[in-house]
Amino acid sequence: MEQEELTEWFDKYGQAILTFILLMVRDYQQAEDLTQETFIKAFRNQHQFKRKSSVKTWLYSIAHNVTKDYFRKKHPLRHYLGLTMREADDKPIPEQIVTMNVQNEQLYKSIQQLKPSYRQVIILRKLKEFSTTETALILNWSESKVKMTLKRALVELKNQLIKGGVTNELF
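## Quick notes on the pattern of salt bridges
Scanning the model with the defined rule gives 1 salt bridge in all. In this structure, the salt-bridge partner of K41 is D69, at a minimum N-O distance of 4.0 Å. Of this pair, K41 sits in helix α2 (residues 28-44) while D69 is found in helix α3 (residues 55-74), placing the two residues 28 residues apart along the sequence.

## Observations concerning the nonpolar core
If you look at the biggest cluster of nonpolar residues, it comprises 44 residues, and the most contacted ones within it are W9, I17, I21, L59 and I122. Contributing elements (two or more residues each) for this core: α1 (3-25), α2, α3, α6 (102-113), α7 (116-127), α8 (132-139) and α9 (143-163). The leading source of residues in this core is α1, at 11 residues.

## Here we look at the packing of aromatic side chains
Scanning the model with the defined rule gives 7 aromatic pairs in all. With 5.0 Å between their ring centres and 70° between their planes, Y70 and F71 make a pair best called edge-to-face. For the pair Y70 and F71, one class covers both residues: buried. Through successive ring pairs, a cluster of aromatic residues spans W9, F49 and W58. Above the face of the F130 ring, K56 is positioned so that its terminal group lies 4.9 Å from the ring centre.

## What to know about α8
All of the buried residues in α8 are T132, T135, A136, I138 and L139. The buried residues of α8 all sit within an arc of 165° when viewed along its axis, so they share a single face. Those residues of α8 that are buried are in contact with α3, α7 and α9. N140 sits one or two positions beyond α8 and adopts a positive phi of about 60°.

## Some details on the environment of R26
Within the secondary structure, R26 is located in the loop between α1 and α2. As for R26 and Q112, which are separated by 86 residues in sequence, their C-alpha atoms are 8.7 Å apart.

## A look at a positive patch on the surface
A grouping of K115, K145, K151 and R152 is seen on the molecular surface, where their side chains present a positively charged patch. Here R152 is to be found in helix α9.

## Digging into the packing of α1 against α3
α3 packs onto α1 with a crossing angle of 35° between their chain directions and a minimal axis gap of 10 Å. Where α1 crosses over α3, the handedness of that crossing is right-handed. The residues of α3 that touch α1, namely those facing W9, Y13, A16, I17, F20, I21, M24 and V25, are V55, K56, W58, L59, Y60, A63, H64, T67, Y70 and F71. Looking at the contact of α1 with α3, its residues break down into 15 nonpolar, 2 polar and 1 charged.

## Side note on the packing of α3 against α8
Contact geometry of α3 with α8 gives a least axis separation of 8 Å together with a crossing angle of 40°. In terms of their interaxial angle, α3 and α8 are classed as oblique. In this structure, the crossing between α3 and α8 has a hand that is right-handed. Across the interface between the two elements, T57, Y60, S61 and H64 from α3 touch E134, L137, I138 and L139 from α8. Looking at the contact of α3 with α8 residue by residue, the classes come out as 4 nonpolar, 3 polar and 1 charged.

Quick notes on the rules
Residues numbered from 1 in each chain as written. Predicted model: local features only at pLDDT ≥ 70, side-chain atom pairs only at ≥ 80, totals over all residues. Heavy atoms only, no water. Salt bridge = Lys/Arg side-chain N within 4 Å of Asp/Glu carboxyl O. Helix = DSSP H or I, 4+ residues; strand = E, 2+ residues; numbered from the N terminus. Core = buried A, V, L, I, M, F, W, Y, C linked by side-chain atoms within 4.5 Å. Buried < 20%, exposed > 50% of the residue type's maximum accessible area, 1.4 Å probe, protein only. Phe/Tyr/Trp six-rings, centres within 6.5 Å; stacked < 30°, edge-to-face > 60°. Lys NZ or Arg CZ within 6 Å of the ring centre and 35° of its normal. Arc of directions from axis to C-beta. Contact = heavy atoms within 4.5 Å. Patch = residues over 30% accessible without salt bridge, like charges linked within 9 Å, V, L, I, M, F, W, Y side chains within 5 Å. Areas by Shrake-Rupley, 256 points an atom, 1.4 Å probe, with all protein chains shown as cover. Lys, Arg positive; Asp, Glu negative; His and termini not counted. Charge placed at Lys NZ, Arg CZ, Asp CG, Glu CD. Axes fitted to C-alpha atoms, helices over the stretch in contact; angles between N-to-C directions. Left-handed = near helix turned anticlockwise from the far one by under 90°. Nonpolar A, V, L, I, M, F, W, Y, C, P; charged D, E, K, R; others polar. Parallel < 35°, antiparallel > 145°, perpendicular 65-115°, else oblique.

Geometry only, nothing functional implied.
Right, here's the structure in full:
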């Protein structure tokens, strides 16, 4: 991979990957750092990209793994107990998210309340619009696990939204 190709990938996918990571870590500065780390790893591991998947899928897979590694290092005990990515975060969020209407804000908050696997599959399948196959590659799951987890996650998300007072059907 040439430097120009990496720059092209960053220009094309950088903002989307930043948003994906931000939804997971809920800290804008940390999301920026992890996004940068994602592209550094892509550059260093270019020889491993066999083009069996799209560049976008490969980069999201790296971003997913970088984010998992971040949580493992930050809270190793929480990670091994399955509590990763569930901590509360009352820090200010980026201007883009603040300007969302009330329903979208409630949707965002409800997604944050879900367990990590539910959150990941909803973000990838519904917000980032990856296919089941691409999501399976990114998360290193089977396609059937992606489908079943998404089904369960949407039920849980709907319950969270109802608890939060949202009455309109979003799905």
